[in-house]
Amino acid sequence: QVQLVESGGGLVQAGGSLRLSCAASGRTSSNYVMGWFRQAPGKEREFVAVISGSGSMDYTDSVKGRFTISRDKARNTAYLQMNSLKPEDTSVYYCAVAAAAPWRSLYNMRTYDYWGQGTQVTVSS
């Protein structure tokens, strides 16, 4: 089992920044893929960013150039630095962990085995 705890959400004005953290505990592995997803009210959960055990990264188009995913393997923690936030970024953000999987499958939430409880990000206009 792997436990994930997100933190760092909050209320911020448009153009502002937030840094989300996802601390993993339990049967963790530095080879795990860590991903961030988000879900707005009435919408499906969507992919935001992913980072592999080797450091490969990718983002959904709407956040490229604004968000940065990183991880500290020694601390079993992943981060999502969010800059130039927009009202449409308002969502509950979830981190998730997956064992090694084909890269193309990592954009699908069903690939992930463990999920955090989520942290609310609200961006006011």
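Attention here is on the structure that accompanies the text.

### Concerning the pairing of strand β9 (residues 91-98)
- Burial analysis of β9 places seven of its eight residues in the buried class, the great majority of the element.
- Both strand β4 (residues 33-39) and β9 contribute to a ladder of seven bridges, which runs antiparallel. What sits directly across from Gln39, in β9, is Val92.
- Sheet analysis places β9 next to strand β11 (residues 119-124), joined by three bridges and oriented antiparallel. By the bridge assignment for β11, Tyr93 is matched with Thr119.
- Summarising the sheet, β9 and strand β10 (residues 114-115) pair through two bridges and their orientation is antiparallel. The residue of β10 that forms the bridge with Val97 is Tyr114.

### Looking at the pairing of strand β7 (residues 67-72)
- Of the two faces of β7, the one lined by Phe67, Ile69 and Arg71 is fully buried and the one lined by Thr68, Ser70 and Asp72 carries no buried residue.
- Pairing of β7 with strand β8 (residues 77-82) involves six bridges; the strand directions are antiparallel. Considered in β8, the bridge of Phe67 is made with Met82.

### Concerning the environment of Gly15
- Position of Gly15 relative to the elements: it lies in the loop between β2 (10-13) and β3 (18-26).
- Assessed through its relative accessible area of 53%, Gly15 is described here as exposed.
- Taking the C-alpha atoms as reference points, Gly15 and Tyr59, separated by 44 residues in sequence, lie 19 Å from one another.

Definitions and cut-offs
- Residues numbered from 1 in each chain as written.
- Predicted model: local features only at pLDDT ≥ 70, side-chain atom pairs only at ≥ 80, totals over all residues.
- Heavy atoms only, no water.
- Buried < 20%, exposed > 50% of the residue type's maximum accessible area, 1.4 Å probe, protein only.
- Helix = DSSP H or I, 4+ residues; strand = E, 2+ residues; numbered from the N terminus.
- Pairing = 2+ DSSP bridges.

These values are about where atoms sit, not about what they do.
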